[in-house]
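Inside the fold
Letter by letter, the chains look like this.
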Number of protein chains: 2
Amino acid sequence: MQKLTLKKIAKELDVSISTVSKALSDSHEISKDTRQKIQAFAKLYNYRPNNIALSLKNKKTKTLGVIIPEIVHHFFTTVVSGIEKVANERGYNVIIGLSNESFSKEVINMDMLANGSIDGFIISVARETQLKKDFHHLHETINQGMPIVMFDRVLPEIACDKVVVDDAEGARKAVLNLIDAGCRNIGIITTEDHVSVGKLRTGGYEAALKERNIPLDEGFELKLKDELNEEENIEELAKVIATYLKDHPAIDGIFAVNEIYALSAMKAARYLGKHIPKDLKVIGFTDGMLSKYATPSLTTVSQHGKLLGEKAAFLLIERLEKDHLEPPFETIIVETELVERESTKQF
Amino acid sequence: MQKLTLKKIAKELDVSISTVSKALSDSHEISKDTRQKIQAFAKLYNYRPNNIALSLKNKKTKTLGVIIPEIVHHFFTTVVSGIEKVANERGYNVIIGLSNESFSKEVINMDMLANGSIDGFIISVARETQLKKDFHHLHETINQGMPIVMFDRVLPEIACDKVVVDDAEGARKAVLNLIDAGCRNIGIITTEDHVSVGKLRTGGYEAALKERNIPLDEGFELKLKDELNEEENIEELAKVIATYLKDHPAIDGIFAVNEIYALSAMKAARYLGKHIPKDLKVIGFTDGMLSKYATPSLTTVSQHGKLLGEKAAFLLIERLEKDHLEPPFETIIVETELVERESTKQF
DNA sequence: TTGTAGGCGTTATCAC
DNA sequence: GTGATAACGCCTACAA
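If you're wondering where the values come from, they're calculated on a predicted model, not measured in any experiment.

Reading the values: rules and limits
- Chains are numbered independently. Their residues run from 1 in the order of the written sequence.
- As a convention, the first chain written is A and the first ligand written is 1, with the rest following in written order.
- Residue-level local features of this predicted model are given only where pLDDT is at least 70; pairs of side-chain atoms are given and counted only at 80 or more, and the full residue set underlies all totals for whole chains, interfaces and linings.
- Note that the side-chain values use all heavy atoms of the structure and ignore hydrogens as well as water.
- Runs of E in the DSSP output that reach at least two residues are strands. Runs of H or I that reach at least four are helices, and both are numbered from the N terminus.
- As defined in this context, the radius of gyration uses C-alpha atoms, and a globule is described by 2.2 Å times the residue total to the power 0.38.
- Here the term buried applies to any residue with accessible area under 20% of the maximum for its type, exposed to any over 50%, and partly exposed to those in between, with areas from a 1.4 Å probe on protein chains only.
- Here, residues are in contact when the closest pair of their heavy atoms is within 4.5 Å.
- Only four residue types enter the charge count, namely Lys and Arg as positive and Asp and Glu as negative; His and the chain termini do not.
- Salt bridge criterion: a side-chain nitrogen from Lys or Arg within 4 Å of a carboxyl oxygen from Asp or Glu.
- Here a residue is considered near a molecule or strand provided that any single heavy atom belonging to it is located within 4 Å of it.
- Side-chain atoms alone can form a polar contact between residues adjacent in sequence; in general such a contact is a pair of N or O atoms within 3.5 Å, and within protein one must be able to donate a hydrogen while the other accepts it.
- Residues are grouped as follows: Ala, Val, Leu, Ile, Met, Phe, Trp, Tyr, Cys and Pro are nonpolar; Asp, Glu, Lys and Arg are charged; every other residue, Gly included, is polar.
- For this overlay, a least-squares fit was computed on C-alpha atoms, restricted to residues scoring pLDDT of at least 70 in both copies.
- Pairing between two strands requires that DSSP report at least two bridges joining them.
- Axis definition: a line fitted to C-alpha atoms, over the contacting stretch in the case of helices. Angles run 0 to 180 degrees between N-to-C directions.
- UniProt positions are given in the numbering used here, feature names are shortened, and annotations may be inferred rather than shown by experiment.
- Here, nonpolar core means buried Ala, Val, Leu, Ile, Met, Phe, Trp, Tyr and Cys residues that are tied together by side-chain atoms lying within 4.5 Å of each other.
- Place the viewer so that the strands point away; then a crossover is right-handed whenever the path from the first strand over the helix to the second strand goes clockwise.
- Start and end positions for the domains come from either an automated domain assignment or a database one.
- Accessible area, probed at 1.4 Å, shrinks when two parts are joined; the buried area is that loss added up over both.
- Working definition: roughly parallel below 35 degrees, roughly antiparallel above 145 degrees, roughly perpendicular at 65 to 115 degrees, and oblique for all remaining angles.
- For any helix crossing, the convention is left-handed if the near helix is rotated counterclockwise from the far helix by under a right angle, and right-handed if that rotation is clockwise.

What follows is about the overall build of chain A. Each helix and strand in chain A was counted, giving 14 helices and twelve strands. Relative to the 2.2 N^0.38 estimate, which gives 20 Å for 347 residues, the radius of gyration of chain A is 26 Å and therefore markedly larger than a compact globule would have. Along the three orthogonal principal directions, the C-alpha set of chain A runs to about 85 × 40 × 35 Å. Taking all 347 residues of chain A together, the buried fraction comes to 55%. When contacts within chain A are restricted to residue pairs at least 6 apart in sequence, long-range pairs at least 24 apart make up 72% of them.

Okay, here's the thing in C-alpha cells:
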C-alpha cells in the first residue's frame, strides 16, 4: 500500500496525469463527470500531493528553520512554542536545529538546512558565535536570498529583522523596584560581557542606579564565568555567590540576569543565614517554572517568550510571502513585565 | 547571488550537467583535468546540492518527524535533545510537531509531515488520543510504509518499535525507598487512569506495598483531574492536595507521579504545618530542574529522557537504513534511577 | 572521457 | 475537454 501519486491515479482511471492534476484542483477545464470521478477516487484512497515534489516545483518548502542554543531551557522552549503556533496557523512546519552554544554546530546546522530544506531562519545565536564574532554563515545565508529573523541574542552587525526583549528596560524596572522596596546597596549577578543580553541587562541596572542617584560600586557587579552555567556546577555557583555576598555584607538587594543565578543567590543567602526577603531582596530575569515554584517564590522579569516567538514567526512568514527580501528591516521590541512574588516582599 | 545548481555550473564551464555531477562525486569516468576544474569552481562558489531535489530523487528526506504533546516541558525537551543528538550524528534533521495534547492537532500535524516531508516518526501520543482510543492516523501512517517509534506514552494497540521508561519499576523502587525510610502510610498522587504512564506508576506503587505486606488503602490514592495540570491552576492544585492530606492525617509518605504534583504536595504540607521530610517524606517522578532547585530539594525518579530520545532515534534510523519495515518490533525499556535528595532524608 | 535521456511528483503552458 | 511537454535539481544507465 504505497503512497498514491497522480501517475497511479491516471493509470488506474485511464486518463492523463495532467487531467488528474487539473481535476483535483477543481479546474473547469475538466468535465464535471471526470472531475467527480477522479475526486472520488482520490478521496477514497486518500490521495495527498507529495510535499517534496511541490517544494521542488515551487521553490518553497513551507518550513521554517529554527536555530537555538539549547532546547532544555524554558525560555527557548516558550519561544519555540510561539513560533510553532504561528507557523502552524499559516501552514508552515518547523525544523529545529540546536547549536549547543557552539559556533561550529551552529554553522553545520545552518548549512544543512540552507540547501533547500527551509525557506528562512529564526535564530538566536550561540554564545560562542557572539564571542568569536564570526558571522560569515549568517551573511552567506542572507546573500543567497534566504531571510533570517534573529531573536533575543541579536547581532547589530547583521542586517535582518529582529525581535528582542526589552532587556535594558526590564532590568531598569527591576532595579527601580528594588530601590523602591528600600534597598540601597544593590548588587548585580551577571554574565561575561560578550553575552549581549547580559550586557544590556547590566546597562539597565546601571541606568536605574544613576536615575536614583545611587553611586555605582564596581565591586557590586559580579560577572560569572560561562563555565559556571554547566549543570554540574550548581554547587560551585552558589559558593561563588556566597563568597561575593560575604565580601559585600552591605548588599541588601540582588538583581540577577537569569533564574538560576537568582536561585543560587537565594541559596547562598541561606548559607549565610540571611533571610529573604527581609535581609536580602532578590529579582531574577526570565520567568520560568523555577521562579514560580521556588521558596520563597521569586520575583522576576518576564520576557513573554511565546509572544516573542509569535512575532518572529510572523515577521519571517510575512517577508517570505511578500517575497520582499530587501531592507528596510524591522526590529520589534517585546516589553518585559515585572512579576512580583515573595522574594521582594516588604515588611 | 542565487543558489548555484549543476545546470549553472555546466553552462558556466561549458560541459554537460552529468559531467559536472560525476566530477563532483569524484568519478573516475571524468578526466582529472575537468574534475579538478569543476571541483575548484564548485568550491569557489560554494556549491551545495539541493536537499529537496535529492529527497525527491532518493525518496528519502533524511529528516525525522517528532510529535510531542508539549515543548514547554522538561522531560520532552530532554528527549528531543537526545533525538537531535543522534539524528545529527547520522546526518538527519528533526522536524518538530506539537499536539498540545489535542487529538486533532496530532492528526493534522502528522498528516502534514507524512506527505513526503519526513522518513519516519517518533511520537509520544497526546492525552486526548489515549482517551479517545482513535488510532487511525497511526495505522494509516504505518500502512503507507512509514515507520513509527513510540516513546513514553506508548500504545499496545500499535505494532511498532517502542522506547519506554520503566514506569512501574521506577514507582516500585520509589515506594520501597519510602518504606525503608520508615513510612508506613504512603499516599500516591496520580493522574486519571487513561494516562498510561500514570496508571503504570500507580501499579508500581501498589506492587511495592503488597511486597512489604502493607495493606492498600483506597483512600490513599488521589487521582487528579486533567484540568488541574493547567498552569493557572497551581494554587488550586495545592489546595486539593491539602484537603487530601488533612483528610488522611496518618499519611507520612507521598509518591507523586510527576514533579509538579510532588512540589504541590510539599507546598500543601507547608500550609498544614507539616515538616518535610520529618513529618512527611515526598518522592516525585521526572527529574527536572524543579526537583533540583526546590526547597527542600526533591527526591525523584529520573527517567533519563535524553537517553530515551537517543534510543528512539537510533531505532528509527536503523529501521530506515536497513529498509526493513516488517516485524519483529523492538521495545526498549530505559531504566529509571532514584535520585535521593532532601525530601526523603531520615532523622 | 563526455554527453544524452529518463525519472522522482507536481503544475503550468500549449496543442489537439 | 483532454493530453503532451517542459520544468524544478539531481542522479545514473546508457550512448557516443
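With respect to the element layout, Glu 106 of chain A can be found in helix α6 (residues 103–114). Summary of buried charges: Glu 106 of chain A has no salt-bridge partner, and the nearest side chain of opposite charge, Arg 153 of chain A, is 7.1 Å away.

We now examine the protein's contact with DNA strand C. Surrounding DNA strand C, one finds 26 residues, the nearest of these being Tyr 47 of chain A together with Ser 18, Thr 19, Lys 22 and Lys 57 of chain B. Near the protein, within 4 Å, the atoms of DNA strand C are sugar or phosphate in 63% of cases. Within the contact set of DNA strand C, a base oxygen lies 2.2 Å away from a side-chain nitrogen or oxygen of Lys 22 of chain B. In this structure, Ser 31 of chain B approaches DNA strand C through a main-chain N or O atom, which is 2.9 Å from a phosphate oxygen. Taken together, the elements giving at least two residues each to the surface near DNA strand C come down to α1 (6–13), α2 (17–24) and α4 (51–58) of chain A together with α2 (17–24) and α4 (51–58) of chain B. When residues in the surface near DNA strand C are grouped by element, the largest group, four residues, is from α2 of chain A. Per-class residue counts for the surface near DNA strand C are nine nonpolar, nine polar and eight charged.

With an RMSD of 0.1 Å, chain B superimposes on chain A once it is rotated by 180° and translated 0.0 Å along the axis. Overall, the copies show the geometry of a two-fold rotation axis. Taking C-alpha positions as the reference, the residue of chain B nearest the rotation axis is Ile 95 of chain B, at 2.1 Å.

The next thing to look at is the sheet that holds strand β8 (residues 253–256) of chain A. Residue and element names in this part refer to chain A. A sheet is described by the order of its strands in space; here six strands give the open sequence β7-β6-β8-β9-β10-β12, paired in mixed fashion. Edge strands, defined here as strands with exactly one partner in the open sheet, are β7 (221–224) and β12 (337–339). Going across the sheet, the axis of each strand differs from the next one's by a mean of 20°, ignoring polarity. In this sheet, strand β9 (residues 281–285) lies alongside β8 in parallel orientation, the contact comprising three bridges. Paired with Gly 253 across the bridge in β9 is Lys 281. Contacts between helix α9 (residues 167–180) and the sheet are confined to β6 (186–191), β8, β9, β10 (299–302) and β12, with β9 contributing the most and set at about 170° to the helix. Relative to the sheet, helix α10 (residues 196–211) contacts β6, β7, β8 and β9, its axis offset from that of β6 by approximately 165°.

The next point concerns the protein's contact with DNA strand D. Around DNA strand D sit 24 residues, and of these Thr 19, Lys 22 and Lys 59 of chain A together with Leu 6 and Tyr 47 of chain B come closest. Each atom of DNA strand D within 4 Å of the protein was assigned to sugar, phosphate or base; sugar and phosphate come to 61%. Here a phosphate oxygen of DNA strand D sits 3.4 Å away from a polar atom, N or O, in the side chain of Ser 21 of chain B. Those elements giving two or more residues to the surface near DNA strand D turn out to be α2 and α4 of chain A together with α1 (6–13), α2 and α4 of chain B. The class makeup of the residues in the surface near DNA strand D is eight nonpolar, nine polar and seven charged.

Residues and elements named next belong to chain B. Enumeration over the complete set of coordinates arrives at 35 salt bridges over all chains. Glu 321 is the partner of Lys 62 in a salt bridge, and the nearest nitrogen-oxygen pair spans 3.8 Å. Taken together, the residues span a long stretch of sequence, with Lys 62 in the loop between α4 and β1 (63–68) and Glu 321 in helix α14 (residues 305–322) at a distance of 259 residues. For Lys 62, a relative accessible area of 35% gives the class partly exposed. Given the relative accessible area of 39%, Glu 321 is considered partly exposed.

UniProt annotation of "domain: HTH lacI-type" (unreviewed entry) refers to residues 4–58 of chain A when read in the numbering used here. The span residues 4–58 of chain A shows a helical share of 67% and a strand share of 0%, and its end C-alpha atoms are spaced 20 Å apart.

Phe 255 of chain A together with Phe 255 of chain B are the most contacted members of the largest nonpolar core, which has 150 residues in total. For Phe 255 of chain A, the residues in contact, after removing those within four places along its chain, are Ala 171, Ala 174, Val 175, Leu 178, Gly 187, Ile 188, Ile 189, Arg 201, Tyr 205, Ile 283, Phe 285 and Val 301 of chain A. Ranked by size, the runner-up nonpolar core spans 38 residues in total, among them Ala 114, Val 125 and Val 154 of chain A together with Phe 121 of chain B.

Further remarks concern the pairing of strand β8 (residues 253–256) of chain B. Consecutive residues of a regular strand have side chains that alternate between opposite faces of the sheet. Residues and elements named next belong to chain B. Of the two faces of β8, the one lined by Gly 253 and Phe 255 and the one lined by Ile 254 and Ala 256 are each fully buried. Across four bridges, strand β6 (residues 186–191) lies against β8 in parallel orientation. When the bridges of β8 are listed, Ile 186 appears paired with Gly 253. Tracing the backbone out of β8, into helix α12 (residues 259–271) and back to the parallel element strand β9 (residues 281–285) gives a crossover that is right-handed.

Okay, the domain arrangement of chain A next. Along its sequence, chain A is organised into domain 1 (6–48), domain 2 (63–165 + 305–335) and domain 3 (167–303 + 338–344). Of note, the centres of domain 1 of chain A and domain 2 of chain A, computed from C-alpha atoms alone, are 40 Å apart.

Here the focus is the environment of Gly 253 of chain B. Residues and elements named next belong to chain B. You can see Gly 253 is positioned in strand β8. Separated by 48 residues in sequence, Gly 253 and Tyr 205 place their C-alpha atoms 12 Å apart. Apart from residues no more than four positions distant in its own chain, Gly 253 is found in contact with Leu 178, Cys 183, Asn 185, Ile 186, Gly 187, Leu 280 and Lys 281.

Between chain B and chain A, the contact holds 52 residues from the first and 52 residues from the second. Across the interface of chain B and chain A, roughly 4,900 Å² is buried in total on both sides, 57% from carbon and sulfur atoms. Of all residues in chain B, Ile 52, Asn 115 and Tyr 293 of chain B bury the most surface against chain A, accounting for 15% of the area lost on that side. On inspection of chain B and its partner chain A, the count reaches four salt bridges. Among the ionic pairs, Glu 84 of chain B bridges to Lys 105 of chain A, the shortest N-O distance being 3.5 Å. Between chain B and chain A we count 20 residue pairs in polar contact (both at pLDDT 80 or more) in total. Of all the secondary structure elements, the ones that give two or more residues to the side of chain B that touches chain A are α4, α5 (74–89), β2 (93–98), α6 (103–114), α8 (136–143), α12 and α13 (289–293) of chain B.

One can describe the packing of α4 of chain A onto α4 of chain B by two numbers: an axis separation of 9 Å at closest approach and a directional angle of 140°. Put simply, α4 of chain A runs oblique to α4 of chain B. With respect to the hand of their crossing, α4 of chain A and α4 of chain B are arranged in left-handed fashion. Contacts from Ile 52, Ala 53, Ser 55 and Leu 56 of chain A in α4 of chain A reach Ile 52, Ala 53, Ser 55 and Leu 56 of chain B in α4 of chain B. Residues belonging to the contact of α4 of chain A with α4 of chain B are distributed by class as follows: six nonpolar, two polar and no charged.

Right, let's talk about unusual backbone geometry for a bit. The amide bond that connects Ile 276 of chain A to the next residue, Pro 277 of chain A, takes the cis arrangement and shows omega of 10°. Tracing the chain through its elements places Pro 277 of chain A in the loop between α12 (259–271) and β9. Residue Pro 296 of chain A is bonded to the preceding Thr 295 of chain A through a cis peptide linkage, with omega at -10°. Unlike most non-glycine residues, Glu 101 of chain A shows phi in positive territory, near 65°. Position of Glu 101 of chain A among the secondary structure elements: in the loop between β2 (93–98) and α6. For Glu 101 of chain A, a relative accessible area of 14% gives the class buried. Positive phi is not limited to glycine here, since Asp 152 of chain B has a value of about 60°. Topologically, Asp 152 of chain B is positioned in the loop between β4 (148–151) and β5 (161–165).

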